Amino acid sequence: LCGPGLRRCAAGLLVTKCGLLRHRQAGGAAAGGAYWVDSQQKRYVPVKGDHVIGIVTAKAGDVFKLDVGGSEQASLSYLAFEGATKRNRPNVQVGDLIYGQFLVANKDMEPEMVCIDSSGRSSGMGIIGQDGFLFKVSLGLVRKLLAPKCEIIQELSQLYPFELVLGMNGRIWVKAKTVQQTLIIVNILEACEYMTAEQRKQALARLSGN
């Protein structure tokens, strides 16, 4: 499976951006796994199946327009929510944050998002709560945070209880019990990109001692 930074061509695979080549083994008996290029790019390029955080910018008939941090806006149908019908429309307003995944994403078509999986279930997708704090990090850091058993997330969860939504487009939404705790978590996550594991552990140890 080819991920971001790689493209298939007649001669094989073509690298489309600089960075580190990564590989993830396939689960179960499947062969191959996934290859991608891990880079520090800031501009997000939509990829089919990616889960992202979008900001509603407009309503256009039966479709919402979302800013996903790419070169163009994505569309989201009001029917792309769990349980949505013509009579039972989701209450989506301009400025709302939406967590969803790309159903269509290629250079020739407008990106299209949905908030349901293949079974029609929301699976955690939909409108994100009004409270909380939205911020942006590099795409490389998001991929690191999304890794199974990520040490950074495990260590932070021992500091404060919090809710976290990670978008593959580099956007992160976080909400803790208080505004102060929320901002502390935001600052740590932003600093993680430039800290070693030991520096991070020392910073968390100082905070837990307060």
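Use the structure listed above.
Residues numbered from 1 in each chain as written. Predicted model: local features only at pLDDT ≥ 70, side-chain atom pairs only at ≥ 80, totals over all residues. Heavy atoms only, no water.

S.K.: It is not clear to me how the sheet that holds strand β13 (residues 171–176) should be interpreted in this structure. Could you clarify?
M.R.: What links the strands of a sheet is backbone hydrogen bonding, and the strands pair in either a parallel or an antiparallel sense. The 3 strands are arranged β11-β13-β12 in an open sheet whose pairing can be described as antiparallel. Taken across any chain shown, the strands that pair with only one partner, and hence form the sheet edges, are β11 (133–136) and β12 (162–166). Taking each pair of neighbouring strands and ignoring which way they run, the sheet shows an average axis angle of 20°. Relative to β13, β12 runs antiparallel, the two being bridged by 5 bridges. The partner of phenylalanine 162 across the bridge, within β13, is alanine 176. (Pairing = 2+ DSSP bridges. Helix = DSSP H or I, 4+ residues; strand = E, 2+ residues; numbered from the N terminus. Axes fitted to C-alpha atoms, helices over the stretch in contact; angles between N-to-C directions.)

S.K.: Help me understand helix α4 (residues 197–208), please; the structure alone is not making it clear to me.
M.R.: Within an α-helix, residues lying three or four positions from one another point in the same direction, as the helix has 3.6 residues per turn. Taking 1.5 Å of rise per residue, the 12 residues of α4 would be expected to cover 16 Å, and the 16 Å separating its terminal C-alpha atoms lies within 8% of that figure. Within α4, burial applies to Arg200, Ala203 and Leu204. In an axial view of α4, the angular spread of the buried residues amounts to 95°, which keeps them on one side of the axis. Close packing links the buried residues of α4 with α2 (151–159) and α3 (179–191). (Expected span 1.5 Å × (residues − 1). Buried < 20%, exposed > 50% of the residue type's maximum accessible area, 1.4 Å probe, protein only. Arc of directions from axis to C-beta. Contact = heavy atoms within 4.5 Å.)

S.K.: What exactly am I supposed to notice about the environment of glutamate 163 here?
M.R.: Structurally, the position occupied by glutamate 163 is in strand β12. Overall, glutamate 163 belongs to the partly exposed group, its relative accessible area being 45%. In the structure, glutamate 163 is positioned 37 residues away from glycine 126 in sequence and 15 Å away in space, judged by C-alpha atoms. Leaving out residues up to four positions away in the same chain, glutamate 163 has contacts with Trp173, Val174 and Lys175.

S.K.: Please clarify how the environment of alanine 203 should be interpreted in this entry.
M.R.: By secondary structure assignment, the location of alanine 203 is in helix α4. For alanine 203, a relative accessible area of 17% gives the class buried. In sequence terms alanine 203 and isoleucine 116 are 87 residues apart; their C-alpha atoms lie 39 Å from each other.

S.K.: Please explain a nonpolar patch on the surface as it appears in this structure.
M.R.: Side chains of Phe133, Val179 and Leu183 sit close together on the surface and give an oily, nonpolar patch of about 270 Å² of accessible area. Tracing the backbone shows leucine 183 in helix α3. The class of leucine 183 is partly exposed, set by a relative accessible area of 37%. (Patch = residues over 30% accessible without salt bridge, like charges linked within 9 Å, V, L, I, M, F, W, Y side chains within 5 Å. Areas by Shrake-Rupley, 256 points an atom, 1.4 Å probe, with all protein chains shown as cover. Salt bridge = Lys/Arg side-chain N within 4 Å of Asp/Glu carboxyl O.)

S.K.: Could you clarify how one ought to interpret the pattern of salt bridges in this entry?
M.R.: Side-chain pairing between opposite charges can occur once the charged atoms of the two side chains come close. Under the counting rule described, the total for this entry stands at 9 salt bridges. Note that arginine 89 is salt-bridged to aspartate 62, the shortest N-O span being 3.3 Å. Within this pair, whereas arginine 89 is found in the loop between β7 (74–77) and β8 (97–106), its partner aspartate 62 is found in the loop between β5 (51–60) and β6 (63–67), the two being separated by 27 residues in sequence. On the basis of relative accessible area, aspartate 62 is assigned to the partly exposed category, the value being 42%. Here glutamate 155 and lysine 201 are joined by a salt bridge, their closest N and O atoms 3.0 Å apart. Placement of the pair is glutamate 155 in helix α2 and lysine 201 in helix α4, with a sequence separation of 46 residues. In this structure glutamate 155 comes out as buried when scored by relative accessible area, which is 15%. Lysine 201 gets classed as partly exposed once you look at its relative accessible area, which sits at 38%. The network of salt bridges with shared partners includes Glu151, Glu155, Arg200 and Lys201.

S.K.: Can you walk me through the packing of aromatic side chains in this structure?
M.R.: What characterises a pair of aromatic rings is the spacing of the ring centres plus the angle enclosed by the ring planes. Under the counting rule described, the total for this entry stands at 2 aromatic pairs. For the ring pair tyrosine 44 and phenylalanine 102, a centre distance of 6.3 Å and an interplane angle of 20° mean the geometry is stacked. Within this pair, whereas tyrosine 44 is found in the loop between β4 (34–38) and β5, its partner phenylalanine 102 is found in strand β8, the two being separated by 58 residues in sequence. A relative accessible area of 4% places tyrosine 44 in the buried class. Geometrically, the ring pair formed by phenylalanine 133 and phenylalanine 135 is tilted, given 6.2 Å between the ring centres and 40° between the ring planes. Take phenylalanine 135: its relative accessible area is 6%, and that puts it in the buried class. (Phe/Tyr/Trp six-rings, centres within 6.5 Å; stacked < 30°, edge-to-face > 60°.)

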